[in-house]
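The residues making up each chain are set out below.
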Amino acid sequence: MPDETKDREAPGAVSEASGKKPGSLLTGVAFTYCPGSGCTHGSLNRLLAGIIGELGIRSKVILVGPVGCAEGIVKYIDVDAVEAPHGRATAVATGIKRSLPDRVVITYQGDGDLAAIGIAEVMHAATRGERISTVFLNNTVFGMTGGQMAPTSLIGQRTTTTPFGRDAQLSGMPFHVAEILTRLPGTAYVARTAMNSTANVAVTREAILRALEAQMQDRGFSIVEVMGICPVGWKMTPRDANTHLADQIIGEYPLQLFKDCVGSCDGGTGDGQVGPWTGDGGRGPQG
Ligand SMILES: Cc1ncc(C[n+]2csc(CCOP(=O)(O)OP(=O)(O)O)c2C)c(N)n1
Ligand code: SF4
């Protein structure tokens, strides 16, 4: 687990861990994600860097980083970037986008950051239809601080603050960010994906591309909730964590395209709401 108080590697330090390839938008600064853990943050950071490069929008992007294990993302991807205080990423992004409307503003947040302390900010940004995009990694725990229960933790999930499993009477039910934001009028694109298979990574890539497209078309707020693993916080091997994600977590949080207003919102129900990813019954491709 990264030490919040410890200095990160100096900018410019080249790391094998970041998987930097020639021409990549990764800076080469060493990832501080738990080494060898299979943590989803590393692959999702690489995917996001690749998408920004693919779209050729490097000089337009402003990335707003979170508090949490992914706070280093502002140093890992070679774009203009700023770190927001805990949970305030969508508020910071709102100010940036309103000052610089031609930029593509992306927040990257975990579930402690977004669904706990930052829930007011994201709901109001979404309701206002801010032209920003959020990549939201939901690993169902507070990873950086030691694996405490998050609003998104499953019923029965053992965490450091729920050693006997999350109890609905005591701690309420799991919080469904994508479903709630879909109901808000300012959202233009809402999807839930996962990173547990090659096929699901491809869907995640498509969803993030589409979310950025929604912003570039000035449609409103866009968000991709990406289900991922925190093997260290879950106290599991990477393999067991991926099995747990497929067998348990996706059951609670179905992979789905909830809303798509890219181009127009006139198709389907007329409000941009759509159904499960095609052909997979809502669980998403598992291959
Ligand atoms: C205002 C404030 N409260 C609490 C913290 C401590 N804190 C740092 S990271 C974190 C949890 C982050 O969890 P999550 O967003 O799920 O990200 P992960 O580490 O799992 O990727 C907390 C509570 C803080 N830095 N600031
Ligand atoms: S999210 Fe979990 S596995 Fe990833 S760096 Fe944080 S504590 Fe480690």
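Residues numbered from 1 in each chain as written. Chains lettered and ligands numbered in written order. Predicted model: local features only at pLDDT ≥ 70, side-chain atom pairs only at ≥ 80, totals over all residues.

Colleague: How would you summarise the environment of A194 if you had to cite specific residues and measurements?
Modeller: Within the secondary structure, A194 is located in strand β7 (residues 187–194). Given 28 C-beta atoms within 10 Å, A194 falls into the buried group. (Helix = DSSP H or I, 4+ residues; strand = E, 2+ residues; numbered from the N terminus. Buried ≥ 20, exposed ≤ 12 C-beta atoms within 10 Å, placed from the backbone.)

Colleague: Give me the lowdown on helix α10 (residues 238–252), citing residues and values where you can.
Modeller: Spanning 15 residues, α10 covers 20 Å between terminal C-alpha atoms, matching the ideal 21 Å at 1.5 Å per step. Of all the bends in α10, the greatest, near 40°, is centred on L245. Listed as buried for α10 are A241, N242, L245, I249 and I250. Looking at the buried residues of α10, the elements they touch are β7, β8 (221–227) and α9 (231–234). (Expected span 1.5 Å × (residues − 1). Bend = angle between axes of the 7 residues up to and from the residue. Contact = placed C-beta atoms within 7 Å.)

Colleague: Tell me about the confidence of the model for the protein chain, and name the residues and values.
Modeller: Averaged over every residue, the pLDDT of the protein chain is 89; the share at 70 or more is 84%. Per-residue pLDDT stays below 50 along residues 1–16; that stretch engages in 22 contacts with residues further than four places along the chain or on separate chains. Under a pLDDT of 50 for its full length, residues 266–270 has, in the predicted model, three contacts with residues more than four places off or in other chains. (pLDDT = per-residue confidence, 0-100.)

Colleague: Pulling in residues and values, what's your account of the site of ligand 1?
Modeller: Near ligand 1 lie 18 residues; those nearest to it are G68, G110, G112, D113 and G143. When contributions to the shell around ligand 1 are tallied by element, the ones reaching two or more residues are α4 (111–117) and β5 (141–142). Element by element, the count of residues in the shell around ligand 1 is highest for α4, at three residues. In terms of residue class, the shell around ligand 1 is made up of nine nonpolar, seven polar and two charged. (Near = placed C-beta within 6 Å. Nonpolar A, V, L, I, M, F, W, Y, C, P; charged D, E, K, R; others polar.)

Colleague: I'd like a rundown of the nonpolar core, residues and numbers included.
Modeller: Side chains of nonpolar character tend, in soluble globular proteins, to be buried together. Residues L63, I77, V224 and V226 are the most contacted members of the largest nonpolar core, which totals 77 residues. The dominant element in this core, judged by the number of residues it contributes, is helix α8 (residues 198–216), at six residues. V226 has contacts with L44, V135, F136, L137, N138, T193, A194, M195 and T204, leaving out every residue within four places of it along the chain. (Core = buried A, V, L, I, M, F, W, Y, C linked by C-beta atoms within 7 Å.)

Colleague: Describe the packing of helix α1 (residues 40–55) against α8, listing the residues and the values that go with them.
Modeller: In the contact formed by α1 and α8, the axes pass within 10 Å of each other and the chain directions differ by 50°. With respect to α8, the axis of α1 lies oblique. Considering how the two elements wind past one another, α1 and α8 form a crossing that is right-handed. For the pair α1 and α8, contact is made by L47, L48, I51 and L55 and by V201, T204, R205, I208, L209 and L212, respectively. Considering only residue class, the contact of α1 with α8 consists of eight nonpolar, one polar and one charged. (Axes fitted to C-alpha atoms, helices over the stretch in contact; angles between N-to-C directions. Parallel < 35°, antiparallel > 145°, perpendicular 65-115°, else oblique. Left-handed = near helix turned anticlockwise from the far one by under 90°.)

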